[in-house]
Amino acid sequence: MKLIKDLSQREFDRVEELLTKMTLDEKIGQLNQPNLFDDKAALGDLVREGKVGSLVLAYSALAGTESRKSQLGFRQELQRIAIEESPSGIPILFGRDVIHGHRTVFPIPLMQAHSWNVDLVEKASSTAAKEAIADDIHWTFAPMMDIARDPRWGRIIEGFGEDPHLASEMAVAMIKGFQSAGIAACAKHFVAYGASEGGRDYNTTEVSDYTLRNIYLPPFAASVRAGVLTVMASFNDISGEAVTGSRRLLTGLLKEELGFEGFVVSDWDAVGQLIRQGAAADRRAAAAIAINAGIDMDMVSNCFIDHLPELVKDGTVSESRLNDAVRRVLLVKSAVGLLDLPDNRTPMQAPVYELNVQLAHDAAASGMVLLKNEFELLPLPVQEKKIALLGQFLNEQRSMLGSWTLDGRAEDVQVFEECMKQTAPELIFINAASGSADAAVEAAIQADVVIVALGEDWNNTGEARGHAGLLLPDEQLDLLCAVNNVNKNIVSVIFSGRPLIFDEVSQLSKAVLYAGHSGTAAASAAASILFGLNDPCGKLSVTFPRNAGQIPIYYNQRSAGRDIDNYYGKAVFKNYQDCEDSPMYPFGYGLQYTTYEYGKPEINKVDNTICVSVDITNTGKRTGIETVQCYASYPASEFVRPIRELKQFHRVSLNPGETKKVEFNIEINDLAYFAPDGKLIHSKGKYVFWIGGCSTVTESVTIDI
Ligand code: NOJ
């Protein structure tokens, strides 16, 4: 697959030639994206009439929670009709939500972000893409790169956390993975959808241009630079401006300023929903507003197909805007090879499924985060101990897959209890005789160590799955309490999607492994970490609060006038009288089975590059992989800046006793930030660089720039 910039002159000419030949109706057909629905004959007729440019392979607005098949055979017939019987003969672009895997399911994106491992993320996406291509899918609606500071928002699981730099790196890795394997990616949701007030999905957002440009926009800018072929507009309004109808955002910012050359698809029915939003009087007006704003393809609302013919004829929508939208769609079809059909595109073979289990295991292990490990209870010994296995998630399969698993199968998912027993066959495992709390307590009494598998149901996470409270369900906490009364050696393994409130879990457990919804091989990865076959190395890509009342709480908050910055240690003023101010676990946090010592950081400047370096030594007894993070604090400036901002990170592998120098080369331009009007501001003065294994690191070094 090519990027638009890599298309040949012949391919550009082919698109122009098509444009000159196509009738108005054929052009409008290219901008229409109905969904796969049950009336097959009706869909066949639409395709035959040239009214389907793309199909979204979903049956309902909540695609993430359905598991209906993508109908390969039926779609091949539709494709045949498009090529052989529709007026223009242009093939249909099939789009489906291949979000974190296809048949092999990788960890939810938030867990992938905890790995900080861009290579692995790229590999997983490319594997997912190959599996999807074998199902004749050309386009995935991923990655979602909405910065999220609110774990109540169900869709926090689908993004890369709270930091623009980490999210940009992850987004680019996924895009490369998808697109190099051959399917078009989609940067979504443009823009600031993650700022939904109160964590209520589809809700209104209040975001200043300053925050928009410095927090929500960077992953999209990075995606455009990486050549992402499509972008999805978001459902929300920003301070009163409905994004789907915003020419300023879609054309001005995305297409003109960032230089995006692919096409913009609306979100599901979002063009029609402009009416409910109060941004359009009727469907005709909605179509006009959306296409004139910069939406190129209408996902399922039918507003374009129904109203563009009259709107173009009466001049409300110009022919040049229509041609621009169609050109963008055809260029993407050209890039994915669809315009070469049926001659040149040979469907790829489905990869052998077993091959991907190892990658699924590696991806899962790499994102799991060790939150607590008192008295080095972990890793567990593999001999001579009695281990009780308890908890609701011991035999859970479907929830391991997380939300947005359209093609993964629960029966493929490894079972945690079995994985524990297989990983350490010489141990004595004790299970509760029945599902009752008494039986669990009985098992715990007999054991040296108790493993309690807890978590969140997949169906409580994802699209339209907000949660006002962030505690584990009562029965799970009750079980933990009951077990704690008889045995203090508790290891809690948490299979959840979003960050939860872990105060109580942490108090009741000696060790806590945050295992997440980590896909097909989540269970073997968790078991391997517990027994030390894999070392935990994940670091949080989002802050875990102590109390839902602290939300929003995030590491890159702006500096306040009074000293209230309790995120980073004790400040003069306390924010809450009824709760600790600090987060439960900060951004960048994650324990390991080994320890590190950081030397004194050094800094120098060569031309326009600042080089910050530090020696890091593995002071423990095990090999480890440390994610070394470099944050910057700013001098006095025109606008108030974040207290700290992640600039770069490196993953370093160290043997016991080994020391390595880690270097960060930061361009002075990378320290600039955006004013609300988009101008770059370079502040002069004293910059502080913080280097360590977590956002709250205390070692720093200063330079005058
Ligand atoms: C609505 C979601 O917001 C979007 O992310 C998804 O890609 C579409 N539905 C299609 O399923």
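The structure presented is a predicted model; accordingly, all values stated were derived computationally and were not measured.

> Please explain the sheet that holds strand E9 (residues 263-265) as it appears in this structure.
Backbone-to-backbone hydrogen bonds pair the strands of a sheet. The strands run either parallel or antiparallel. As summarised here, the arrangement of the three strands in space is E5-E6-E9, forming an open sheet in which the pairing is parallel. Two strands lie at the open edges of the sheet, namely strand E5 (186-190) and E9, each paired on one side alone. Averaged over all pairs of adjacent strands, the angle between strand axes in this sheet comes to 25 degrees, irrespective of strand direction.

> In this structure, what is going on with the site of the ligand? I would like to understand it.
Around the ligand, the surrounding shell holds 13 residues, and the nearest of these are Asp 97, Arg 155, Lys 188, His 189 and Asp 267. Here an oxygen atom of the ligand and a side-chain polar atom of Lys 188 are 2.7 Å apart. Between the ligand and the protein, one listed contact pairs an oxygen atom with a side-chain N or O atom of His 189 at 2.7 Å. Here the ligand, which alone exposes 300 Å², has 100% of that area covered by the protein. More than half of the atoms of the ligand fall within 2 Å of the grid points belonging to the largest cavity. Considering only residue class, the shell around the ligand consists of seven nonpolar, one polar and five charged.

> What am I meant to see in the environment of Gly 538 here?
Note that Gly 538 resides in the loop between helix H21 (522-530) and strand E17 (596-598). Residues Gly 538 and Leu 371, spaced 167 residues apart in sequence, show a C-alpha to C-alpha distance of 9.7 Å. Excluding residues within four positions of it along the chain, Gly 538 makes contact with His 114, Ser 366, Gly 367, Met 368, Val 369, Tyr 589 and Gly 590.

> What is the right way to read the layout of surface pockets from this model?
Over the atoms rolls a probe the size of a water molecule, and in doing so it shows where empty space is left. In this structure, the largest pocket occupies an estimated 1,100 Å³ of space. Along its surface, the largest pocket is lined by 38 residues, and His 165, Ser 168, Pro 218, Arg 225 and Asp 670 are the ones closest to its centre. Counting only elements with at least two residues in the lining of the largest pocket, the list comes to helix H6 (118-134), helix H7 (164-181), helix H8 (209-216), helix H9 (218-225), strand E21 (645-654) and strand E23 (673-674). For the lining of the largest pocket, the leading source of residues is H7, giving seven residues. Of the residues assigned to the lining of the largest pocket, the class counts are 19 nonpolar, seven polar and twelve charged.

> Would you explain H6 in this entry?
Under the 1.5 Å per step criterion, the end-to-end length of H6 is 25 Å for 17 residues, consistent within 8% with the ideal 24 Å. Looking at H6, one finds that the buried residues are Leu 120, Val 121, Ala 124, Ser 125, Ser 126, Thr 127, Ala 128, Ala 129, Glu 131, Ala 132 and Ile 133. Where H6 terminates, the next one or two residues include Asp 136, which has phi positive at roughly 60 degrees.

> Help me understand the confidence of the model for the protein, please; the structure alone is not making it clear to me.
Low-pLDDT portions of the prediction should not be read for the details of their coordinates. Summing up the model confidence of the protein, the mean pLDDT is 95 and the portion of residues at 70 or higher is 98%. No element of the protein has a lower mean pLDDT than helix H15 (residues 353-367), which averages 88, and none a higher one than E9, which averages 99.

> Please explain the packing of aromatic side chains as it appears in this structure.
The final tally for this structure, using the stated rule, is 23 aromatic pairs. Aromatic pair Trp 116 and Phe 649: ring centres 5.0 Å apart, planes at 85 degrees, arrangement edge-to-face. Of the two residues, Trp 116 is situated in the loop between helix H5 (109-115) and H6 and Phe 649 in strand E21; the sequence distance between them amounts to 533 residues. Note on accessibility: Trp 116 and Phe 649 belong to one class, buried. The interplanar angle of 90 degrees and the centroid separation of 5.3 Å between the aromatic rings of Phe 190 and Phe 220 together place this pair among those described as edge-to-face. Here Phe 190 is found in strand E5, whereas its partner Phe 220 is found in helix H9, with 30 residues between them in sequence. Of the two residues, Phe 190 and Phe 220, neither departs from the other in class, the shared state being buried. An aromatic cluster is present here, built from Trp 116, Tyr 555, Phe 587, Tyr 631 and Phe 649 joined pairwise through their rings. Cation over ring: Arg 641 sits above Tyr 634, and NZ or CZ is 4.5 Å from the ring centre.

> Where do I start with the state of the cysteines in this structure?
Every disulfide links exactly two cysteines, by a covalent bond between their sulfur atoms. One pass over the structure, following the stated rule, counts zero disulfides. There is no disulfide at Cys 419, and the cysteine sulfur nearest it, in Cys 537, is 19 Å away. Residue classification places Cys 419 among the buried residues on the basis of a relative accessible area of 6%. Cysteine Cys 694 remains unbridged, with the sulfur of Cys 630 as its closest cysteine sulfur at 14 Å. On the basis of relative accessibility, which here comes to 12%, the residue Cys 694 falls in the buried class.

> I keep staring at the side chain of Asn 556 and nothing clicks. Help me out?
Note on placement: Asn 556 falls in the loop between H21 and E17. Excluding anything up to four places from it in sequence, Asn 556 contacts Arg 149, Glu 162, Asp 163, Pro 164, Ile 215, Tyr 568, Pro 642 and Arg 644.

> Could you clarify how one ought to interpret unusual backbone geometry in this entry?
With the exception of glycine, the majority of residues adopt a negative phi angle, and the majority of peptide bonds are in the trans configuration. The residue after Leu 378, namely Pro 379, is reached through a cis peptide bond having omega -5 degrees. Topologically, Pro 379 is positioned in the loop between strand E11 (369-373) and strand E12 (386-390). A cis amide bond, omega 0 degrees, links Ile 551 with the succeeding residue Pro 552. Looking at the secondary structure, you find Pro 552 in the loop between H21 and E17. The backbone of Ala 192 shows a phi angle near 70 degrees, a positive value even though the residue is not glycine. Not every positive phi belongs to a glycine, and Trp 404 is a case in point at roughly 55 degrees. Mapping Trp 404 onto the fold places it in the loop between helix H16 (398-401) and helix H17 (416-423). By relative accessible area, Trp 404 is classed as buried at 4%.

Criteria and thresholds
- Residues numbered from 1 in each chain as written.
- Predicted model: local features only at pLDDT ≥ 70, side-chain atom pairs only at ≥ 80, totals over all residues.
- Heavy atoms only, no water.
- Pairing = 2+ DSSP bridges.
- Helix = DSSP H or I, 4+ residues; strand = E, 2+ residues; numbered from the N terminus.
- Axes fitted to C-alpha atoms, helices over the stretch in contact; angles between N-to-C directions.
- Near = heavy atom within 4 Å.
- Polar contact = N/O pair within 3.5 Å; in protein donor to acceptor, adjacent residues only side chain to side chain.
- Areas by Shrake-Rupley, 256 points an atom, 1.4 Å probe, with all protein chains shown as cover.
- 1 Å grid on protein atoms, 1.4 Å probe; cavity = no way out; pocket = protein on both sides within 12 Å on 5 of 7 lines; lining within 4 Å.
- Sits in = over half its atoms within 2 Å of the grid points.
- Nonpolar A, V, L, I, M, F, W, Y, C, P; charged D, E, K, R; others polar.
- Contact = heavy atoms within 4.5 Å.
- Points joined across faces, edges and corners; volume = space filled by probe spheres on them.
- Expected span 1.5 Å × (residues − 1).
- Buried < 20%, exposed > 50% of the residue type's maximum accessible area, 1.4 Å probe, protein only.
- pLDDT = per-residue confidence, 0-100.
- Phe/Tyr/Trp six-rings, centres within 6.5 Å; stacked < 30°, edge-to-face > 60°.
- Lys NZ or Arg CZ within 6 Å of the ring centre and 35° of its normal.
- Disulfide = S-S within 2.5 Å.

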